[in-house]
Amino acid sequence: MLTPLLRAGGRRLWLCVAALVLLTSMGRLHAEDGYALWMRYVPLDAALADAYRSQLGAVGAPDQTPTQHAAREELSRGLAGLLGSAPQLHADAGVGQALILGTPQSSAQLAPYRKDLESLGAEGYLLRQTQLGGREVLLVAAREDIGVLYGVFHLLRLLQTGVPLQGLEVRESPKLKLRLLNHWDNLDRYVERGYAGSSLWDWQTLPDWRDPRYTDYARANASLGINGTVLNNVNANALSLTRPYLLKAAALAEVFRPYGIRVYLSTRFSAPIELGGLKTADPLDPAVQRWWRDKANEIYALIPDFGGFLVKANSEGQPGPQDYGRSHADGANLLGDALAAHGGVVMWRAFVYAHDVPEDRTKQAYGEFSGLDGAFHPNVIVQVKNGPLDFQPREPLHPLFGAMPHTPLMMELQISKEYLGFATHLVYLGPLYEEVLRSDTHARGAGSTVARVIDGSLDGHALTGIAGVANTGTDRNWTGSHFDQANWYAFGRLAWNPHQSARDIAKDWAAMTFSPDPAVVQSIVGMMMASREAAVDYMTPLGLHHLMARGHHYGPGPWVAGGPRVDWTSVYYHRADRDGIGFDRTAHGSNAVAQYAPAVANVYGDLEQVPESLLLWFHHVPWDHRMHSGRSLWDELVGRYSRGVRQVQAMQDSWDGLKGGVDAPRHQQVAAFLRIQHNEAQWWRDASVAYFQSLSGRPLPAGEVPPPQPLAYYQSLQFPFAPGDGR
Ligand code: GCV
C-alpha cells in the first residue's frame, strides 16, 4: 500500500508527465512541417513586436461581406501570431482606432479617399500612415474589399520582414489582369508533371465536403494576388464539363470567391462530340456553336463569376479546329463567342507542334500563329510559353512575344520543375522568370521587353495575363519540397508586378518562410540566386536543351534517339558528332533566328555576338571553337558540367552553416534533398561527359575526373516509376 507521501509524489509525477505530454503534443502541433508556407506568423523579436503593438492598437474592420471577413480573420491570425495577442477588432471604424481597414463604402472615415482609391483600380490598395482626428492611424484602404484583403497581406509581409511603419505610404495595383495558376490535374487526382503528391481537388467528396485545405490554398494565392485558377489539366477530359463536375467546380469557386479567385476550366475541343452527341466539333458548324453557347449558359448559372476556358488544341494529339481545316482563330473565337455575353475569356495556347511538319520544332508556334495576328475576338488571349521549346532550364524568349501587336498575349511559365530536377533539386526559378520578363524583343525598338508585351503597355492591350503551371499537391508542405514553395511565391509576386526583382522576392520569402535573421536571409538568398545557373550547368550548359531521359524527363538522356518523333529525342537537339555540337538555327540552318526582330536576330545569329549561355541553341560549333575564357568549347563544356556540381556542394555547405538558424525538421529535409541533388548533379555530369566524350573523342581537360562508370552503365539505367509522366 502506498504511503500518503508516496501518493502525493506520484500525483506530482503524473502532473509532470501530463504537462510533458501536453507540451510535446503542442510542439507537434506547431512543428515546422511547411504547411503554413510563408504565412507562418511566428512571434517577432520582442522589441520589434513592442514597437508594432504601440503603432497598431485597436482595429476598425468591417465584417459585412465574406471578403471583409477574410481580411479581418487574416489580420487577426497574423497579429496574434506575430505580436503575441489578437487585436481588438471593431466592425465600425471609430475614434481611438489605430488601424483602419476598409473601402469608402464600408468605412465612413475613408470617404475622403474615394477619388484616390478609384485611381488604384478594382484590385489596388493603399497603405498609409496618416493623421485622423488628431491621432496617428494606419489605413489599409481600397476601392473594393479584395484590395483591402491584398493590403492586409501586404501589411503582414511588412511586419514579417521587420519594415518600420513610420511614415508608411504604399500604393499598389496589379500590372496584369489575369494572374493564374494552371493545374495539370487529372480527374483521377493524378497530376501530370506533378511532384508533390496527388491533386488537391478531391473530386470524389466534392461538392459536399469542402476540405479546409481549399481555404488555405485560397489564402496562399490571395497573399500573392493570384486571382484565378484553372482546375484541370490542359490535356483535358471532357467530363469536367458535365453537370456533376460543374457542381464540384462550383463548390470550389464558392470557397475561393472571398479571396478574389475565379475558377477556370481546361476544355476539350471535341466535347460537343463526346458529351453532346454531335457528329462534328467544327467551329463553323451552327450546331457546335449552339452547343458551346448552351454549355456556357449552364456553367454561368452554377458559377456566376466563372473565369473562362483554357485550351490546348492541335498539339500533342489533342483535338482542335485544324481537324476540320479551320484555324486556331476559328477555334478560339467559337469559344470566345460562347463566353462573351457572360464576360468570360478564352486562353488559347500557342504550345503547338504538328505531327506532320518536318520543321524545327521551335519554329512551329510562330509559323502557326503570327499570321493570325488581329484575327482573334476581343475576349481571346493567346497563351505563349516563355521560350519556343518547352520549359527548359534555359531558353531564349519565345519569338511570338512582340510579333502579334494586335493580339493580347499572356505568358505561361512552369512552376512545377519538369525539366529542372523535380521537387528534390533546389532550383529557385525567380531568376529564370526575371530573365525572360526582362528580355528585349526589340519589336517596337529598344525597351520592348517581354514584361511590357504581357502587361499590355507595349501595344495598348487591356486584356493581359500570366499563368504558372502549379507545383502544388497533397504533400503536407504543398509543393513537394520546402524550397519549391519559393517558386509558387515568386511566380505570384511577379504576376502582380513583372518588373520586380527576383532577389528582392527571395529575400522576403526567406525571411517569412525560415527566419528574418539577416544572416540567415543572406545565406538562403545566396543559395537561391545561384541555384538556377547551377542546374543549367550540370544539366544543359551553353544553350544545350532537351537532353533529359525520355518520357518522364528524370535524369540525363543525351543519347536518346529513335522512337515516334524525332523532335522528342535528344540527338535531334544537340546534333553532336566527332566534329562539333549544337543546333544551327542561323540562316545556314533552320533560320529560327529570322522569327525575331532584326536587332535580336542579328545578335542570336552571329557567332561573335550570341551570348555563350545560348551558343548551342543557335549555333553548331566545332569542338575547338574558342570561348571567352580562352578555352576550347570542349574544355569549357566539361568545365561547366563540373562547375554545376561544385555549386551544389557550395549550397550544401551554406545550408550546413544554417544548422540552428533554421528549425531542425525543415533543416533535415532540405539537407537530405541537397544530398539527393548533389548525387544527381554528379550523375548528370558524369553521364553527359561520358556520352559527349564518346562522340568528340577528346581527352578531358587537366584536373577533370573521368566518369566513374562506362557510358553503357548510364544508358542502362531505367526509372519506370519516376513521378509525373504524362499519361
Ligand atoms: C500537359 C510538355 C509536357 C507535357 C505537357 C505539355 C503541354 O510537353 O511534357 O506533359 O502536357 O508540355 O504544355 O501541353
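Rules used in this analysis
Residues numbered from 1 in each chain as written. Predicted model: local features only at pLDDT ≥ 70, side-chain atom pairs only at ≥ 80, totals over all residues. Heavy atoms only, no water. UniProt positions renumbered as here; feature names shortened; annotations may be inferred. Buried < 20%, exposed > 50% of the residue type's maximum accessible area, 1.4 Å probe, protein only. Polar contact = N/O pair within 3.5 Å; in protein donor to acceptor, adjacent residues only side chain to side chain. Helix = DSSP H or I, 4+ residues; strand = E, 2+ residues; numbered from the N terminus. Pairing = 2+ DSSP bridges. Expected span 1.5 Å × (residues − 1). Salt bridge = Lys/Arg side-chain N within 4 Å of Asp/Glu carboxyl O. Near = heavy atom within 4 Å. Areas by Shrake-Rupley, 256 points an atom, 1.4 Å probe, with all protein chains shown as cover. Nonpolar A, V, L, I, M, F, W, Y, C, P; charged D, E, K, R; others polar. Core = buried A, V, L, I, M, F, W, Y, C linked by side-chain atoms within 4.5 Å. Contact = heavy atoms within 4.5 Å.

**Looking at the UniProt feature "active site" (unreviewed entry) in the chain**
- In the numbering used here, UniProt assigns the "active site" (unreviewed entry) feature to Glu316, Asp390 and Glu418.
- Using a relative accessible area of 31% as the deciding quantity, one classes Glu316 as partly exposed.
- A distance of 2.8 Å separates polar atoms of two side chains, one belonging to Glu316 and the other to Lys312.
- Its relative accessible area of 3% is what places Glu418 among the buried residues.

**Examining the UniProt feature "domain: Glycosyl hydrolase family 67 C-terminal" (unreviewed entry) in the chain**
- Residues given the UniProt feature "domain: Glycosyl hydrolase family 67 C-terminal" (unreviewed entry) here are residues 479-703.
- Secondary structure over residues 479-703 splits into 53% helix and 2% strand, and the C-alpha atoms at its two ends are 39 Å apart.

**Details of the sheet that holds strand 4 (residues 125-132)**
- Taken together, the six strands give an open sheet; going across it, the order is 2-1-3-5-4-6, and neighbouring strands pair in mixed fashion. Both outer strands of the open sheet, strand 2 (89-90) and strand 6 (169-172), are each paired with one neighbouring strand and no more.
- Looking at chain direction, strand 4 and strand 6 are connected through four bridges and run antiparallel. Counted as the bridge partner of Arg128 is Glu169 from strand 6.

**Regarding helix 5 (residues 145-160)**
- Over its 16 residues, helix 5 extends 23 Å from the first C-alpha to the last, a length consistent with the 22 Å expected when each residue adds 1.5 Å.
- The positive-phi residue at the C-terminal boundary of helix 5 is Gly162, with phi of around 75°.

**Let's talk about the pattern of salt bridges**
- A full pass over the atoms with the stated rule returns 45 salt bridges.
- We note a salt bridge from Arg193 to Asp725, for which the minimum N-O separation is 3.6 Å. Here the residue Arg193 occupies a position in the loop between strand 7 (178-182) and helix 6 (212-224), and Asp725 occupies one in the segment after helix 22 (711-716), the gap between them amounting to 532 residues.
- By sharing partners, the salt bridges in this structure join Glu32, Arg40, Asp663 and Arg666 into a single network.

**What about the site of the ligand?**
- Near the ligand you find 15 residues, and of these Glu192, Lys312, Arg349, Lys385 and Glu418 are the closest.
- Between the ligand and the protein, one listed contact pairs an oxygen atom with a side-chain N or O atom of Glu192 at 2.4 Å.
- At 2.9 Å, a side-chain N or O of Glu316 approaches an oxygen atom of the ligand.
- Out of a free accessible area of 340 Å², the ligand has 96% covered by protein chains.
- In the shell around the ligand, the residues fall into four nonpolar, three polar and eight charged.

**Overview of unusual backbone geometry**
- Residues Leu206 and Pro207 are joined by a peptide bond in cis, for which omega reads 5°.
- Relative to the helices and strands, Pro207 is located in the loop between strand 7 and helix 6.
- Here Glu316, not a glycine, exhibits a phi torsion of approximately 45°, which is positive.
- Residue position: Glu316 is located in the loop between strand 10 (308-311) and helix 10 (328-340).
- The phi dihedral of Trp478 is positive, around 80°, even though this residue is not glycine.
- Relative to the helices and strands, Trp478 resides in the loop between strand 14 (465-469) and helix 14 (485-496).
- Residue Trp478 is classed as buried on the basis of its relative accessible area, which comes to 0%.

**A closer look at the nonpolar core**
- Ranked by internal contacts, the top residues of the largest apolar core, which has 221 residues, are Phe256, Trp655 and Phe692.
- Tallying contributions element by element places helix 21 (residues 664-696) first for this core, with 11 residues.
- Those residues in contact with Phe692 that lie beyond four places of it in its chain are Leu544, Leu547, Pro558, His574, Ala576, Ile581, Trp623, Trp634, Leu637 and Tyr641.
- Among the nonpolar cores identified, the runner-up in size contains nine residues, and Ile100, Leu110, Leu117 and Leu139 belong to it.

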